[in-house]
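# Reading the structure
Letter by letter, the chains look like this.
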Amino acid sequence: MNMITGAVVEYRDDELTDKWLVENWFLIDKNLDQYTMAYTFDYLIRRQKLISEGWLTDSKGRGFVILTTTGCNASCPYCYEKGCSVKNMDEKTARDVVEYIDKYGKRDVDITWFGGEPLVNQKVINIITEGLKERNISFTSRITTNGYFLQNIDVYTLKYKWNVYSLQITIDSEGEEYEKIKGFEPGTYEKMLQTMKRLAEGGIKVRVRFNVTPYNAAGIHKAIDDIADLKIDPDMIGIYTAPVADESMKETDQELETKFQNLLDLDEHMEEVDMLEYKQLRDFSIHPFSCMADRWDCLVISPDGLISCCEHMIDGGIGDIWNGITHPELFDEWKIKREPQDICKDCKCMTMCMKLKNCKGYVPCNVYEKNWWEQRVVMFLRRLCEKED
């Protein structure tokens, strides 16, 4: 398996020529280190993507992440927005967002509703979606949400008024423990399960993100079984895990080891019930963009109309919806990759963590996370062999 190009080949010793290995980047000059090769590929892939999507000739935005609010109805201990001032987008700003997209966006755009909890402020979602339709701007949208308010939103509104095709819902455990972590009233967990089933059966893809800490694995294992028991069409449900940490505490080595072992065990469990998204396992090669923050055609709009590149750093200062991008040099900084640590340069998993220089979420490498990624590679190859058989 080539961890840079993502190519996988099964062969016997006499089947592949040196010429083929060179042409497909399995065999390289001994003077060309993996670090140089990876960053060269990264540049070429990004450049090709820019050309294929027409960015060099048409710089209008294709994607917009819109924060309707920084407020939230949950109280997750790991939230990176903990302590931030609460800002709610008002009706005038929502109408000005429509003006901005009309002026600076393409005629076919993709919107991600974000927060805070974006569904705290549904009024501005209505204003913006109605405004885009009035201007004949085609759009699709998705929502990153804790899911609480979805209980009272019908499929018709989501699918045909807001043009939602996908939702991401965060879950941290099951039952009472889930409700305690989120700060939700008793019975919310069961309602959440039924809401996911209702929306998936209504034609909206539901993706469940399990936020994993050193302490909540048992509850997530139970939640995985609960979701599997819903018998939702596999094409309409996907689950994956992500490591998180309490922003106010530094994890010990023991806690880090436990957390990443939890992630490995959960991956195995999701695979056992055939709910581990195949593309999550396949996500190893270099991609055109690290995340939405280094895309040239995607911008974040804050509740007060500021423009930034990253939804986690909404005071980025590159401009606003009334004047457009006023600091292009800051915009360009978001396209620069972080220099790897020395220990990263020969790491087989380096292509998975080529982070941006400005990334707030960057943390130094640790052996436990590295082992998690290496084991996911093994899991992917095993799954691939099973599919071939």
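Because the structure is predicted, anything quoted here is derived from the model rather than measured. (Residues numbered from 1 in each chain as written. Predicted model: local features only at pLDDT ≥ 70, side-chain atom pairs only at ≥ 80, totals over all residues. Heavy atoms only, no water.)

## Comments concerning the pattern of salt bridges
Our working definition: Should a side-chain nitrogen of Lys or Arg be within 4 Å of a carboxyl oxygen of Asp or Glu, the pair is scored as a salt bridge. Labels follow the DSSP assignment, with helices taken as runs of H or I lasting at least four residues and strands as runs of E lasting at least two, numbered in each case from the N terminus. Only protein chains enter the accessibility calculation, which uses a 1.4 Å probe; a residue is then buried when its area is under 20% of its type maximum, exposed when over 50%, and partly exposed in between.
The tally for this structure, following the rule as stated, stands at 12 salt bridges. For E91, the salt bridge identified is with K123, shortest N-O distance 3.4 Å. In this pair, E91 sits in helix α3 (residues 91-104) while K123 sits in helix α4 (residues 122-134), placing the two residues 32 residues apart along the sequence. Judged by its relative accessible area of 35%, E91 falls in the partly exposed class. Counted as one network, the salt bridges with shared partners bring together E99, D102, R107 and R135.

## Overview of the confidence of the model for the chain
A low pLDDT score tells you not to read the predicted coordinates there in detail. This is how the line gets drawn: One confidence number per residue, pLDDT, is output by the predictor and ranges from 0 to 100. Residues count as neighbours in contact if any of their non-hydrogen atoms are within 4.5 Å of one another.
Here the chain shows a mean pLDDT of 85. Residues at 70 or above account for 87%. Ignoring residues within four places in sequence, the model shows residues 279-284, a span with pLDDT below 50, making 19 contacts including any to other chains.

## Side note on the pairing of strand β4 (residues 164-171)
When a strand is regular, its side chains alternate between the sheet's two faces. The test is simple: In this scheme, strands are said to pair when DSSP sees at least two bridges between them.
Counting buried positions along β4 gives seven out of eight residues, so the element sits mostly inside the fold. Of the pairings in the sheet, the one linking β4 to strand β5 (residues 205-212) comprises six bridges and is parallel in character. The residue bridging I171 from the neighbouring strand is F210, located in β5.

## With respect to the pairing of strand β3 (residues 138-145)
Going by this rule: The handedness of a crossover follows from its direction of travel: if, with the strands pointing away from the viewer, the path from the first strand over the helix to the second runs clockwise, the crossover is right-handed.
Here β3 shows a clear split, with F139, S141, I143 and T145 buried on one side and none of S138, T140, R142 and T144 buried on the other. Pairing of strand β2 (residues 105-114) with β3, which is carried by six bridges, proceeds in the parallel orientation. Within the sheet, the bridge partner assigned to T112 lies in β3 and is R142. For the crossover from β2 across α4 to β3, the handedness is right-handed. Taken together, the five bridges between β3 and β4 define a ladder with parallel strand orientation. Pairing of T144 across the sheet is with Q168, part of β4. Considered for its hand, the β-α-β crossover made up of β3, helix α5 (residues 155-161) and β4 is right-handed.

## A few points about the environment of C309
Residue placement: C309 occurs in the loop between β8 (306-308) and β9 (319-320). The sequence separation of C309 and L330 amounts to 21 residues, and the corresponding C-alpha distance is 9.4 Å. With residues up to four places along the chain from it excluded, the contact list for C309 reads M292, A293, V300, I318, F331, W334 and K335.

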